[in-house]
Structures are given as C-alpha cells and as structure tokens.
Amino acid sequence: METAFAAVIVAAGRGLRAGGGEPKQYRPLAGRPVLRHALDRMLARRDLCALVVVIHPEDAGRCAAALGGIDDPRLRPPVAGGATRAESVRAGLAALADLDPATAVLIHDAARPFVPDAVIDGVLRGLESSDGALPVLPVVDALWRGDSLADQPLSRDGLWRAQTPQGFRLGAIRAAHAAHAGPADDDAVVARIAGLRVALTPGAEENFKITAPGDFVRAARIVEAALETRTGQGFDVHRFGPGDHVMLGGIAVPHDRGVVAHSDGDVVLHALTDAVLGALAEGDIGRWFPPSDPRWRGAASDRFLAHAVRRVAERGGRILHADLTVLCERPRIGPHAAAMRARIADILGVDARRVSVKATTTEGLGFTGRGEGIAAMATATVALPADR
Ligand code: MG
C-alpha cells in the first residue's frame, strides 16, 4: 500500500461481559493488554500515519499502563469517548482533524487483538473504488428463526458477519457521523445512512472479537501458536577473596572464602541473567546494571535476574527452562543444589522442574582448579512471539 492511512481504536466500552472484573480491553493476554495487541498490529504497519485511541474517562491510568514504553510519534494522546460507540468514534475522528479529509481512516475495535495484515490490505484496497470498506465473513451455520421450538429456516444468501477495521475517507465519515445523532452498531451503518457506498472485503476468523470469557482461552491459544523458542547463554567468573560464604543461585553457601565483586558476586545468577538477556538479544547485565553505578554496590543479584524475567514478560514471552553449571573445586555444590533450584525457580516464576543446577570441578586445572575463583555457565530457553 503506497498511501498512508490513519486509525482510530475504540476502547471506551466497559467490556465486563468477558469476566475478569476489569474492562476486557485492558485484561492481559500473554503479558500484554488486549488493547496493546490491537495497537501493536496497527503500529507495525509502515503505511500508518497517525493513530488515536478512544478511552473511557475512568481508564486514563489503565490506558497509560497499556501504552507504556511506546515511543512512536504516530501515536497521539488518547481521547475520552462518550456514552455510545458512535460518540466515541466522533471523538476519535475529531482528534485527527488536522489530516487531509481525503486520508483513509480505519476504525477498529480494541477487543479484536489479531487483525491480520491481509484484512487491513483488503480494506485499503476496497477504499480505492468505494466510499467505505467493511471486512466480512460468510455465515457458515444454518440460520433458524424460533423461540424454544424451531420455527423456520432462514436463507444465508447475502448474509455476512461484520468485523473491524472498517475503512472510510476521513472527511466523508466525519460528515456521516455528524449527520447521525443516534447510536449505531458500527460505522458502516452510519456510512450507509449517509448514502455512502461500502464495499465488502475479506475478513478473517482470526480477527474475532473478544466478548465472552471463553474468548480469552481462544485468544491465548492463538498467542501460544505464534510463540517460537529462543536460547541464550551466559558465563560469569568471580575471584575468591576474604569472607565466610559465597552467594550461588541466591543461596549463601558457607565457605572459607568470599568473592571479590561489586554486587553480591553471585556467578550463577549473573550467568543466568546474561543467558536470559541473550535469548532476548538485549545486551548483557553490564548494560542494564553498570558496575560503575553505586546503586548496585553489594546488591542482591536476584534483582538483576528479576529484571531480565520482567523483560521477557514485557516482550510477551515466558521462560521455559534454565540449565546451570557451576565450575569450582570448592565449595561442594551438591548439598545446596536443591535449594538453589528452588530459589532460582522462584525468581524465574517457573516450576523447579524447569531449572537444572549442575556442578563440575576442572580437574585441578586453570583458575578454578587452583582455587583462585569460581565460574558458572548458564543456558536459558525462552518462548517469545515470533514477530517481536
Ligand atoms: Mg558477575
């Protein structure tokens, strides 16, 4: 698509039918609010020129949290919607008043997190020859009229299930909404009342609207199917020095030496933090927690690992497995391995069966063999959305 389009995402409904006690568009789906999924799909389009989210006036805080971390000049400040969907759309269109009236605008429901590019392409293509474009799917089930008893079958001919985003020219849909004071199920209705020609374009089953509680289960399956597996590795060394214990995997292991380190010198957690960051391709522990920063002096290393774990969640992924090897002649690791597994699993937020702690000597060779220091190697396996 060569011409740029603007988008309005309508997120002003209360959406409590889907359960969970908060509006469905803010409920998390694989670590990201439903709204954020819908938003990210739009922002991933290079032909998008401006995007505005219409929110309920009480949801400013929720929206700020959902949009956190987005640094994209095309995303405009959210605007407050009205009592009906039509009023909310009018508010969204008003926030795009500076754009050329001939600009294509796609109006989309926040509760449809999985709009495929093909649906957006189809709507934009439909707009080339019509005033509007409405993505639809055929009705596949037989239709019946009746109450508790079947009365008569209805023809499916010419019937379609409507989806969003629905596309229009900014000036035309703004005028149509201005002329239509009442509520409307969607924008194609408003457009048709105004006499606009609306093309039917291909929708997609994946582009369903989250409405009932069971829809979250279906949505979670779709997210799960889009995950891929990535692996990162880490390695860390600290020199032995004066002390009476070493921190290993978040456990204080008694020893006749300590380690020389800026933080608590936990080689296991440092190697694992680097492994998780490696799976994310987000640099290393030193990039996020520079040793030159006095804030990390003597710091408990679980906070470094917790940060990496939080980044996995923010990227929409989860930790699958961690495998650790400690290299030293002493202290003996075996008696502490179970406690280390449990503590590491706790920081990672996974079952201890997903954490492996092993140890080896280096046969008296090298710096570990000479007892000058201790080292650890880590491998982290992470599930991440393939497109992120
Ligand atoms: Mg270290």
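Every value quoted in this text rests on a predicted model; they were computed, and no experiment measured them.

A. Broad picture of the overall build of the protein chain. From N to C terminus, the protein chain includes 12 helices and 19 strands. For 388 residues, the compact-globule estimate of 2.2 N^0.38 gives 21 Å, and the protein chain exceeds it by more than 25% at 28 Å. Expressed as lengths along the three principal axes of its C-alpha atoms, the size of the protein chain is roughly 85 × 55 × 35 Å. In the protein chain, buried positions account for 50% of the 388 residues. Considering only intrachain contacts with a sequence separation of at least 6, the fraction spanning at least 24 residues in the protein chain is 72%. About 18200 Å² of surface is accessible on the protein chain, with carbon and sulfur atoms providing 53% of the total. The positive charge centre, built from 46 side chains, and the negative charge centre, built from 46, are 1 Å apart in the protein chain.

B. Structural detail: the environment of P290. Position of P290 relative to the elements: it lies in the loop between α9 (285-288) and α10 (302-314). Here the alpha-carbon distance between P290 and P23, two residues 267 residues apart in the chain, equals 40 Å.

C. Inspection of the nonpolar core at higher detail. Core analysis: the largest hydrophobic core is formed by 41 residues, its most contacted members being L248, V268, L272, I344 and L348. Sequence-distant contacts of L272, defined by excluding residues within four places in its chain, comprise L305, A322, L324, I344, L348, A378 and A380. Of all hydrophobic cores here, the second largest spans 28 residues; its members include M42, L67, L124 and A204.

D. Local environment of the coordination of the magnesium ion. Bound to the magnesium ion are the protein donor atoms D236 (OD), H238 (NE2) and H270 (ND1), situated 2.2 to 2.3 Å from the metal. For the magnesium ion, all donor residues lie on one chain, and their spacing in sequence is D-x1-H-x31-H. Remark: H270 occurs in helix α8 (residues 267-280) and D236 occurs in strand β13 (residues 227-241); sequence separation between them is 34 residues. In this structure D236 comes out as buried when scored by relative accessible area, which is 16%.

E. Main features of helix α7 (residues 213-225). Taken together, the buried positions of α7 are D215, F216, A219 and V223. When α7 is viewed along its axis, its buried side chains cluster within an angular range of 100° and face the same direction. Facing away from the buried side of α7, by more than 90 degrees, are the exposed residues R221 and A225. The inward-facing, buried residues of α7 contact β2 (28-29), α1 (34-43) and β13.

F. Quick peek at the side chain of H238. Within the element layout of this structure, H238 appears in strand β13. For H238, the side chain forms a polar contact with the side chain of D236, separated by 3.3 Å. Once residues within four sequence positions are removed from consideration, H238 is found in contact with V259, V260, A261, G265, V267, H270, G373 and I374.

G. Quick look at the sheet that holds strand β18 (residues 355-360). Reading across the sheet, the 5 strands line up as β16-β13-β19-β17-β18 and stay open at both edges, with mixed pairing between neighbours. The open sheet has two edge strands with one neighbour each: β16 (258-260) and β18. Recorded for the sheet is a direction-independent mean angle of 30° between the axes of neighbouring strands. Note: strand β17 (residues 318-327) against strand β19 (residues 373-385), 9 bridges, orientation antiparallel. Pairing of L324 across the sheet is with A378, part of β19.

H. Examining the packing of helix α3 (residues 85-94) against helix α5 (residues 170-179) more closely. With their axes 10 Å apart at the nearest point, α3 and α5 run at an angle of 140° to one another. Compared by their axis directions, α3 and α5 come out oblique. Pair α3 / α5 crosses with left-handed handedness. Residues A86, V89, R90 and L93 of α3 form the contact with α5, whose participating residues are L170, I173, R174 and H177. Here the residues of the contact of α3 with α5 are counted per class, giving 5 nonpolar, 1 polar and 2 charged.

I. Representation of the pattern of salt bridges within the structure. Going through the model one piece at a time under the given rule, you end up with 29 salt bridges. Among the salt bridges present, the one from E228 reaches R230, with a minimum N-O distance of 2.8 Å. Close ionic contact of R315 with E282 constitutes a salt bridge, the shortest N to O distance being 2.7 Å. Taken together, the residues R315 in the loop between α10 and β17 and E282 in the loop between α8 and α9 connect sequence positions 33 residues apart. By relative accessible area, which is 14% here, R315 ends up buried. Exposure remark for E282: the relative accessible area of 7% places this residue in the buried category. Connected via shared salt-bridge partners are R14, E22, E58, D59 and R62.

J. Seen up close, a nonpolar patch on the surface. Side chains of F235, V237, F367 and M377 sit close together on the surface and give an oily, nonpolar patch of about 330 Å² of accessible area. Its place among the elements puts F367 in helix α12 (residues 366-369). The exposure class assigned to F367 is partly exposed, which follows from its relative accessible area of 31%.

K. Representation of the pairing of β13 in the model. Examined bridge by bridge, β13 and β19 share 13 bridges and lie antiparallel to one another. Counterpart to F235 in the pairing with β19 is M377.

Quick notes on the rules
- Residues numbered from 1 in each chain as written.
- Predicted model: local features only at pLDDT ≥ 70, side-chain atom pairs only at ≥ 80, totals over all residues.
- Heavy atoms only, no water.
- Helix = DSSP H or I, 4+ residues; strand = E, 2+ residues; numbered from the N terminus.
- Rg over C-alpha atoms; globule rule 2.2 N^0.38 Å.
- Buried < 20%, exposed > 50% of the residue type's maximum accessible area, 1.4 Å probe, protein only.
- Contact = heavy atoms within 4.5 Å.
- Areas by Shrake-Rupley, 256 points an atom, 1.4 Å probe, with all protein chains shown as cover.
- Lys, Arg positive; Asp, Glu negative; His and termini not counted.
- Charge placed at Lys NZ, Arg CZ, Asp CG, Glu CD.
- Core = buried A, V, L, I, M, F, W, Y, C linked by side-chain atoms within 4.5 Å.
- Donors = N, O, S within 2.8 Å, 3.2 Å for Na, K, Ca; no water.
- Arc of directions from axis to C-beta.
- Polar contact = N/O pair within 3.5 Å; in protein donor to acceptor, adjacent residues only side chain to side chain.
- Pairing = 2+ DSSP bridges.
- Axes fitted to C-alpha atoms, helices over the stretch in contact; angles between N-to-C directions.
- Parallel < 35°, antiparallel > 145°, perpendicular 65-115°, else oblique.
- Left-handed = near helix turned anticlockwise from the far one by under 90°.
- Nonpolar A, V, L, I, M, F, W, Y, C, P; charged D, E, K, R; others polar.
- Salt bridge = Lys/Arg side-chain N within 4 Å of Asp/Glu carboxyl O.
- Patch = residues over 30% accessible without salt bridge, like charges linked within 9 Å, V, L, I, M, F, W, Y side chains within 5 Å.

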